[in-house]
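# Understanding the architecture of this molecule
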Amino acid sequence: MYEPIRTKSVHSTVAGTTSDFPHRSREEELDIQLAGHLAALLAVTDELRALVPSADLDTASVRLAEQVGRLRGGVVPVRAVPSGGFTDPSSLHERAHAVAGRALVVAASRADTVVAILAAERMDAHAAAGRPELSAAAG
């Protein structure tokens with residue numbers, strides 16, 4: 001009924017040939033994504049540190065910077081100078097909680113236990129700080 005194709009298609013794939021652009025593995029893509037989330041969390045943490053200084057935030061910023069550096073192959077993250085445009089710490093805690101949640105999802109997907117624990121701790125800390133009734137109930 002149908003006649004077989006006798007010529008090569010002009011739309012054939014380039015299977016077996018090398019490509020002109022670099023490809024990254026899934027793990028490399030997850031590393032990049034996770035480093036980005038942690039860098040964003042570090043930026044929000046630095047904003048919070050400028051607004052409401054605390055030893056917990058100082059420790060968290062150091063740990064976050066270490067993990068971003070590790071994921072970026074030893075490149076130390078650029079630390080932004082806090083803008084001072086924020087006056088409401090609860091909105092920053094909400095933002096930090098959301099970013100830490102995204103980092104936790106990627107860390108779990110990547111099976112990075114150290115970062116997953118760090119992200120979960122930051123989520124707990126920001127949830128409690130954003131809602132004082134939680135920290136009063138826990139203590």
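See above for the structure.
Keep in mind the model is a prediction, meaning the values are calculated, not measured.

Membership of the largest hydrophobic core comes to 25 residues, with the highest contact counts inside it found for Leu34, Leu38, Leu41 and Leu64. Breaking this core down by element, the ones donating at least two residues are α1 (26-51), α2 (55-71), α3 (89-110) and α4 (113-130). Among the elements that line this core, the one with the most residues is α1, at eight residues. Ignoring anything within four residues of it in the chain, the contact list for leucine 41 reads Leu64, Ala96, Val99, Ala100, Arg122 and His126.

Turning to unusual backbone geometry, a few remarks are in order. The phi dihedral of alanine 111 is positive, around 65 degrees, even though this residue is not glycine. You can call alanine 111 exposed: its relative accessible area is 63%.

This part takes up the packing of α1 against α3. Two numbers describe a pair of packed helices, the interaxial angle and the distance between the axes. It is the contact of α1 with α3, at a shortest axis distance of 9 Å, that shows an interaxial angle of 160 degrees. Here α3 runs roughly antiparallel to α1, going by the angle between their axes. Taken as a pair, α1 and α3 cross one another with a handedness that is left-handed. In the contact of α1 with α3, the residues fall into 16 nonpolar, four polar and six charged.

Bringing the pattern of salt bridges into the picture now. As enumerated under the stated definition, the model contains nine salt bridges in all. Aspartate 58 is the salt-bridge partner of arginine 49, the closest N and O atoms lying 2.7 Å from each other. When its relative accessible area of 27% is taken as the criterion, arginine 49 is described as partly exposed. A salt bridge links arginine 63 to glutamate 121; the shortest N-O distance between them is 2.8 Å. Taken together, the residues arginine 63 in helix α2 and glutamate 121 in helix α4 connect sequence positions 58 residues apart. A relative accessible area of 32% means that arginine 63 is categorised as partly exposed. Several salt bridges converge on common partners, so that one network encompasses Asp31, Arg70, Arg110 and Asp112.

Reading the values: the criteria
Residues numbered from 1 in each chain as written. Predicted model: local features only at pLDDT ≥ 70, side-chain atom pairs only at ≥ 80, totals over all residues. Heavy atoms only, no water. Core = buried A, V, L, I, M, F, W, Y, C linked by side-chain atoms within 4.5 Å. Buried < 20%, exposed > 50% of the residue type's maximum accessible area, 1.4 Å probe, protein only. Helix = DSSP H or I, 4+ residues; strand = E, 2+ residues; numbered from the N terminus. Contact = heavy atoms within 4.5 Å. Axes fitted to C-alpha atoms, helices over the stretch in contact; angles between N-to-C directions. Parallel < 35°, antiparallel > 145°, perpendicular 65-115°, else oblique. Left-handed = near helix turned anticlockwise from the far one by under 90°. Nonpolar A, V, L, I, M, F, W, Y, C, P; charged D, E, K, R; others polar. Salt bridge = Lys/Arg side-chain N within 4 Å of Asp/Glu carboxyl O.

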